[in-house]
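Listed below, chain by chain, are the residues.
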Amino acid sequence: MRINKYIASCGVTSRRKADELVLSGKVFVNGEKVTDFIDVDEEHDIVEVNGERIFREKTKYYIALNKPVGYITSVGDDRGRKSVTDLTTDIEARIFPIGRLDYNTSGLLLMTNDGDFANNIMHPSRKIYKTYVAHISGFPTPKTLDSLKRGIELSDGVTSPAKVKVIKAYPSSCDVEISIYEGRKRQVRRMFEAIGYEVLELCRISVGNVMLGNIPEGRWRHLTKQEIAFFKKSAERVHK
Ligand code: URA
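The shown structure was predicted, so the numbers you read here are calculated from the model rather than taken from an experiment.

A look at the overall build of the chain
Item 1. Each helix and strand counted, the chain has six helices and 15 strands in total.
Item 2. The C-alpha radius of gyration of the chain comes to 19 Å, within 12% of the 18 Å expected for a compact globule of 240 residues.
Item 3. Considered along the principal axes of its C-alpha atoms, the chain spans approximately 65 × 40 × 35 Å.
Item 4. The contacts of the chain with a sequence gap of at least 6 include a subset with a gap of at least 24, amounting to 64%.
Item 5. About 12800 Å² of surface is accessible on the chain, with carbon and sulfur atoms providing 49% of the total.

Below, the structure is given as C-alpha coordinates:
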(Lines give C-alpha, C1' and ligand atoms only; values in the text may rest on other atoms or scores of the structure.)
Protein backbone atom coordinates (compact mmCIF):
# COMPACT_ATOMS: atom_id res chain seq x y z
CA MET A 1 0.00 0.00 0.00
CA ARG A 2 1.22 3.54 -0.82
CA ILE A 3 2.70 5.28 2.22
CA ASN A 4 0.27 8.24 2.13
CA LYS A 5 -2.74 5.92 1.95
CA TYR A 6 -1.32 3.80 4.76
CA ILE A 7 -0.81 6.85 7.02
CA ALA A 8 -4.40 7.99 6.37
CA SER A 9 -5.72 4.50 7.12
CA CYS A 10 -3.91 4.55 10.48
CA GLY A 11 -6.08 7.46 11.58
CA VAL A 12 -3.21 9.92 11.78
CA THR A 13 -4.70 12.46 9.41
CA SER A 14 -6.48 12.89 6.05
CA ARG A 15 -4.81 11.70 2.83
CA ARG A 16 -3.99 15.23 1.70
CA LYS A 17 -2.27 16.03 5.00
CA ALA A 18 -0.54 12.63 4.84
CA ASP A 19 1.02 13.75 1.54
CA GLU A 20 2.34 16.86 3.28
CA LEU A 21 3.80 14.79 6.13
CA VAL A 22 5.73 12.65 3.65
CA LEU A 23 6.96 15.59 1.58
CA SER A 24 8.09 17.51 4.68
CA GLY A 25 10.27 14.62 5.89
CA LYS A 26 8.21 13.70 8.97
CA VAL A 27 7.86 10.05 7.96
CA PHE A 28 10.39 7.25 8.56
CA VAL A 29 10.15 3.67 7.31
CA ASN A 30 12.40 1.14 9.04
CA GLY A 31 14.42 4.00 10.48
CA GLU A 32 15.00 5.79 7.16
CA LYS A 33 13.44 9.11 6.23
CA VAL A 34 11.18 8.91 3.17
CA THR A 35 10.27 11.87 1.00
CA ASP A 36 8.65 9.90 -1.79
CA PHE A 37 5.40 7.97 -2.05
CA ILE A 38 6.88 4.49 -1.67
CA ASP A 39 4.89 1.31 -1.06
CA VAL A 40 4.92 -0.14 2.44
CA ASP A 41 4.26 -3.66 3.60
CA GLU A 42 2.16 -3.21 6.70
CA GLU A 43 3.04 -6.68 8.01
CA HIS A 44 6.78 -6.07 8.06
CA ASP A 45 7.64 -2.39 7.73
CA ILE A 46 7.93 -0.12 10.76
CA VAL A 47 6.37 3.24 9.93
CA GLU A 48 6.92 6.27 12.17
CA VAL A 49 5.27 9.68 11.89
CA ASN A 50 6.64 12.58 13.92
CA GLY A 51 8.78 10.09 15.83
CA GLU A 52 5.90 7.80 16.79
CA ARG A 53 5.21 4.32 15.40
CA ILE A 54 1.79 4.06 13.75
CA PHE A 55 -0.53 1.08 13.37
CA ARG A 56 -3.66 0.40 11.37
CA GLU A 57 -6.76 0.74 13.51
CA LYS A 58 -9.38 -1.79 12.52
CA THR A 59 -12.30 -0.03 14.17
CA LYS A 60 -13.37 3.16 12.45
CA TYR A 61 -14.80 5.97 14.53
CA TYR A 62 -17.09 8.74 13.27
CA ILE A 63 -18.13 11.24 15.88
CA ALA A 64 -19.85 14.63 16.24
CA LEU A 65 -18.39 16.92 18.91
CA ASN A 66 -19.88 20.17 20.22
CA LYS A 67 -16.71 22.26 20.27
CA PRO A 68 -16.63 25.04 22.86
CA VAL A 69 -14.92 28.38 22.18
CA GLY A 70 -11.32 28.28 23.45
CA TYR A 71 -10.20 24.99 21.88
CA ILE A 72 -8.00 24.57 18.82
CA THR A 73 -8.81 21.96 16.19
CA SER A 74 -5.22 20.97 15.40
CA VAL A 75 -3.84 17.99 17.21
CA GLY A 76 -0.90 19.69 18.94
CA ASP A 77 -0.30 23.36 19.80
CA ASP A 78 3.04 24.88 20.63
CA ARG A 79 1.29 27.70 22.54
CA GLY A 80 -0.10 25.20 25.05
CA ARG A 81 -3.76 25.89 24.23
CA LYS A 82 -6.43 23.27 24.79
CA SER A 83 -7.20 21.01 21.82
CA VAL A 84 -10.45 19.30 20.83
CA THR A 85 -8.57 16.01 21.24
CA ASP A 86 -8.59 16.73 25.01
CA LEU A 87 -12.38 16.30 24.81
CA THR A 88 -12.28 12.89 23.17
CA THR A 89 -9.78 11.05 25.37
CA ASP A 90 -12.52 8.51 26.18
CA ILE A 91 -12.14 7.19 22.61
CA GLU A 92 -9.34 4.65 22.52
CA ALA A 93 -8.35 5.23 18.88
CA ARG A 94 -6.42 8.19 17.60
CA ILE A 95 -8.99 10.43 15.90
CA PHE A 96 -8.56 13.79 14.19
CA PRO A 97 -10.85 16.69 13.25
CA ILE A 98 -12.40 16.78 9.77
CA GLY A 99 -11.54 20.30 8.65
CA ARG A 100 -11.17 23.11 11.13
CA LEU A 101 -13.05 25.51 13.33
CA ASP A 102 -11.37 28.66 14.66
CA TYR A 103 -10.34 28.90 18.31
CA ASN A 104 -13.23 31.36 18.80
CA THR A 105 -15.83 29.34 16.88
CA SER A 106 -18.10 26.87 18.64
CA GLY A 107 -20.37 24.08 17.44
CA LEU A 108 -20.37 20.97 15.34
CA LEU A 109 -17.03 19.36 14.57
CA LEU A 110 -16.86 15.91 12.97
CA MET A 111 -13.91 13.71 13.91
CA THR A 112 -12.74 10.32 12.64
CA ASN A 113 -9.82 7.96 12.23
CA ASP A 114 -10.85 7.25 8.61
CA GLY A 115 -8.66 9.38 6.34
CA ASP A 116 -10.62 8.68 3.14
CA PHE A 117 -13.89 9.58 4.80
CA ALA A 118 -12.37 12.87 6.02
CA ASN A 119 -11.08 13.69 2.54
CA ASN A 120 -14.50 13.16 1.02
CA ILE A 121 -16.17 15.55 3.41
CA MET A 122 -13.53 18.25 3.08
CA HIS A 123 -13.28 18.28 -0.70
CA PRO A 124 -15.30 21.23 -2.13
CA SER A 125 -16.28 19.12 -5.18
CA ARG A 126 -18.49 17.04 -2.83
CA LYS A 127 -20.55 20.20 -2.18
CA ILE A 128 -21.25 19.25 1.42
CA TYR A 129 -22.88 22.30 2.96
CA LYS A 130 -21.81 23.47 6.41
CA THR A 131 -24.23 25.81 8.14
CA TYR A 132 -23.26 28.47 10.66
CA VAL A 133 -25.11 31.00 12.76
CA ALA A 134 -23.12 34.22 12.74
CA HIS A 135 -23.98 36.90 15.31
CA ILE A 136 -22.94 40.09 13.57
CA SER A 137 -22.78 43.76 14.42
CA GLY A 138 -25.48 45.83 12.68
CA PHE A 139 -28.01 44.84 10.00
CA PRO A 140 -26.93 44.19 6.42
CA THR A 141 -29.52 45.03 3.76
CA PRO A 142 -30.97 42.22 1.61
CA LYS A 143 -28.98 43.63 -1.31
CA THR A 144 -25.72 43.39 0.65
CA LEU A 145 -26.53 39.82 1.67
CA ASP A 146 -27.19 39.01 -1.99
CA SER A 147 -23.51 39.64 -2.70
CA LEU A 148 -22.64 36.84 -0.25
CA LYS A 149 -25.22 34.59 -1.94
CA ARG A 150 -23.69 35.17 -5.35
CA GLY A 151 -20.05 34.92 -4.21
CA ILE A 152 -17.72 37.63 -3.00
CA GLU A 153 -14.10 38.50 -3.74
CA LEU A 154 -11.73 37.55 -0.90
CA SER A 155 -7.92 37.71 -0.89
CA ASP A 156 -7.84 34.05 -2.04
CA GLY A 157 -10.48 34.38 -4.79
CA VAL A 158 -14.24 34.62 -5.21
CA THR A 159 -16.30 32.45 -2.86
CA SER A 160 -18.78 29.88 -4.19
CA PRO A 161 -22.50 30.69 -3.88
CA ALA A 162 -23.81 30.67 -0.30
CA LYS A 163 -27.25 30.32 1.23
CA VAL A 164 -27.87 33.27 3.55
CA LYS A 165 -30.78 34.44 5.69
CA VAL A 166 -31.30 36.70 8.70
CA ILE A 167 -32.94 34.62 11.43
CA LYS A 168 -33.08 37.02 14.39
CA ALA A 169 -32.75 40.76 14.97
CA TYR A 170 -31.50 42.43 18.20
CA PRO A 171 -31.38 46.19 18.94
CA SER A 172 -27.98 46.67 17.28
CA SER A 173 -27.00 43.29 15.87
CA CYS A 174 -28.50 40.24 14.21
CA ASP A 175 -28.10 36.50 13.68
CA VAL A 176 -27.49 35.35 10.13
CA GLU A 177 -27.65 31.72 9.05
CA ILE A 178 -25.11 31.04 6.33
CA SER A 179 -24.38 27.77 4.48
CA ILE A 180 -21.23 27.24 2.44
CA TYR A 181 -19.54 24.19 0.99
CA GLU A 182 -15.98 25.47 0.84
CA GLY A 183 -13.70 25.37 3.88
CA ARG A 184 -11.24 28.19 3.49
CA LYS A 185 -9.47 29.66 6.48
CA ARG A 186 -11.78 31.98 8.51
CA GLN A 187 -14.09 31.99 5.51
CA VAL A 188 -17.35 33.09 7.16
CA ARG A 189 -15.64 35.82 9.20
CA ARG A 190 -13.87 37.09 6.07
CA MET A 191 -17.07 37.02 4.01
CA PHE A 192 -18.80 39.29 6.52
CA GLU A 193 -15.72 41.51 6.82
CA ALA A 194 -15.86 41.90 3.02
CA ILE A 195 -19.34 43.44 3.29
CA GLY A 196 -18.34 45.60 6.27
CA TYR A 197 -19.70 43.58 9.22
CA GLU A 198 -17.86 42.04 12.14
CA VAL A 199 -18.72 38.52 13.30
CA LEU A 200 -19.09 38.73 17.07
CA GLU A 201 -19.88 35.05 17.60
CA LEU A 202 -19.86 32.08 15.28
CA CYS A 203 -21.39 28.64 15.80
CA ARG A 204 -21.59 25.76 13.31
CA ILE A 205 -24.97 24.05 13.51
CA SER A 206 -24.72 21.41 10.78
CA VAL A 207 -22.43 19.58 8.36
CA GLY A 208 -24.30 17.79 5.56
CA ASN A 209 -27.11 15.90 7.25
CA VAL A 210 -25.52 15.98 10.73
CA MET A 211 -27.06 18.48 13.14
CA LEU A 212 -25.48 19.89 16.26
CA GLY A 213 -28.87 19.40 17.95
CA ASN A 214 -28.63 19.10 21.71
CA ILE A 215 -25.15 17.62 22.10
CA PRO A 216 -23.96 19.33 25.32
CA GLU A 217 -20.99 21.69 24.95
CA GLY A 218 -17.70 19.80 25.11
CA ARG A 219 -19.42 16.42 24.58
CA TRP A 220 -19.66 14.11 21.57
CA ARG A 221 -21.84 11.38 20.11
CA HIS A 222 -21.29 8.69 17.49
CA LEU A 223 -22.67 9.41 14.00
CA THR A 224 -25.60 7.19 13.08
CA LYS A 225 -25.40 4.64 10.23
CA GLN A 226 -27.63 6.93 8.13
CA GLU A 227 -25.35 9.93 8.71
CA ILE A 228 -22.26 7.94 7.70
CA ALA A 229 -24.07 6.56 4.63
CA PHE A 230 -25.01 10.10 3.52
CA PHE A 231 -21.33 11.10 3.28
CA LYS A 232 -20.29 7.86 1.60
CA LYS A 233 -23.09 8.28 -0.96
CA SER A 234 -22.12 11.86 -1.73
CA ALA A 235 -18.58 10.61 -2.47
CA GLU A 236 -19.95 7.93 -4.84
CA ARG A 237 -22.08 10.52 -6.66
CA VAL A 238 -18.99 12.57 -7.47
CA HIS A 239 -16.91 9.55 -8.54
CA LYS A 240 -19.57 8.46 -11.08
N1 URA B 1 -15.58 30.24 9.01
C2 URA B 1 -14.89 30.96 9.91
O3 URA B 1 -14.67 32.14 9.72
N4 URA B 1 -14.49 30.34 11.03
C5 URA B 1 -14.72 29.05 11.30
O6 URA B 1 -14.32 28.55 12.36
C7 URA B 1 -15.43 28.31 10.34
C8 URA B 1 -15.85 28.93 9.20
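Comments concerning the site of the ligand
Item 1. Residues in contact with the ligand, as listed here, are Leu101, Asp102, Thr105, Tyr132, Arg186, Gln187, Val188, Arg189 and Leu202.
Item 2. A distance of 2.7 Å separates an oxygen atom of the ligand from a polar backbone atom of Asp102.
Item 3. One of the backbone N or O atoms of Gln187 is found 3.4 Å from an oxygen atom in the ligand.
Item 4. Here the ligand, which alone exposes 230 Å², has 96% of that area covered by the protein.
Item 5. Ranked by residues supplied to the shell around the ligand, first place goes to helix H5 (residues 187-194) with three residues.
Item 6. A breakdown of the residues in the shell around the ligand according to their chemical character gives four nonpolar, two polar and three charged.

Description of helix H4 (residues 142-150)
Item 1. Taken together, the buried positions of H4 are occupied by Leu145, Ser147 and Leu148. Viewed end-on, H4 has its buried residues packed into an arc of 145°, placing them on one side of the element. Exposed residues lying more than 90 degrees from the buried face of H4 are Pro142, Lys143 and Arg150.
Item 2. Looking at the buried positions of H4, the neighbouring elements they touch are strand S11 (163-169), strand S12 (173-180) and H5.
Item 3. Looking one or two residues beyond H4, the residue adopting positive phi is Gly151, at roughly 125°.

Observations concerning the pairing of strand S13 (residues 199-207)
Item 1. In the sheet, strand S7 (residues 105-112) pairs with S13 via three bridges, with the strands oriented parallel. When the sheet's bridge partners are listed, Ser106 is paired in S13 with Cys203.
Item 2. With seven bridges connecting them, strand S8 (residues 130-137) and S13 associate as antiparallel partners. Residue pairing across strands places Tyr132 opposite Arg204, the latter belonging to S13.
Item 3. Two strands pair when backbone bridges link them, and S13 and strand S14 (residues 210-211) are joined in this way by two bridges, in the antiparallel orientation.

Things to note about unusual backbone geometry
Item 1. Backbone geometry at Asn50 places phi at a positive 50°, although glycine is not the residue there.
Item 2. Relative to the helices and strands, Asn50 resides in the loop between strand S3 (47-49) and strand S4 (52-53).
Item 3. For Arg186, which is not a glycine, the phi torsion comes out positive at approximately 50°.
Item 4. Among the secondary structure elements, Arg186 is positioned in the loop between S12 and H5.
Item 5. Owing to a relative accessible area of 35%, Arg186 belongs among the partly exposed residues under this scheme.

Remarks on the nonpolar core
Item 1. Ile136, Leu148, Ile178, Val188, Met191 and Phe192 are the most contacted members of the largest nonpolar core, which totals 32 residues.
Item 2. Contributing elements (two or more residues each) for this core: strand S5 (62-67), S7, S8, H4, S12, H5 and S13.
Item 3. Residue contributions to this core peak at four residues, all from S12.
Item 4. Both domain 2 (62-121 + 217-239) and domain 3 (129-207) contribute no fewer than three residues apiece to this core.
Item 5. For Ile136, the contacting residues outside a window of four places in its chain are Ser173, Cys174, Val176, Phe192, Tyr197, Glu198, Val199 and Leu200.
Item 6. With 17 residues, the next largest nonpolar core counts Ala64, Leu108, Ile121 and Ile228 among its residues.

Cut-offs and rules
- Residues numbered from 1 in each chain as written.
- Predicted model: local features only at pLDDT ≥ 70, side-chain atom pairs only at ≥ 80, totals over all residues.
- Heavy atoms only, no water.
- Helix = DSSP H or I, 4+ residues; strand = E, 2+ residues; numbered from the N terminus.
- Rg over C-alpha atoms; globule rule 2.2 N^0.38 Å.
- Contact = heavy atoms within 4.5 Å.
- Areas by Shrake-Rupley, 256 points an atom, 1.4 Å probe, with all protein chains shown as cover.
- Near = heavy atom within 4 Å.
- Polar contact = N/O pair within 3.5 Å; in protein donor to acceptor, adjacent residues only side chain to side chain.
- Nonpolar A, V, L, I, M, F, W, Y, C, P; charged D, E, K, R; others polar.
- Buried < 20%, exposed > 50% of the residue type's maximum accessible area, 1.4 Å probe, protein only.
- Arc of directions from axis to C-beta.
- Pairing = 2+ DSSP bridges.
- Core = buried A, V, L, I, M, F, W, Y, C linked by side-chain atoms within 4.5 Å.
- Domains from an automatic or database assignment.

Read these as geometric descriptors, not functional statements.
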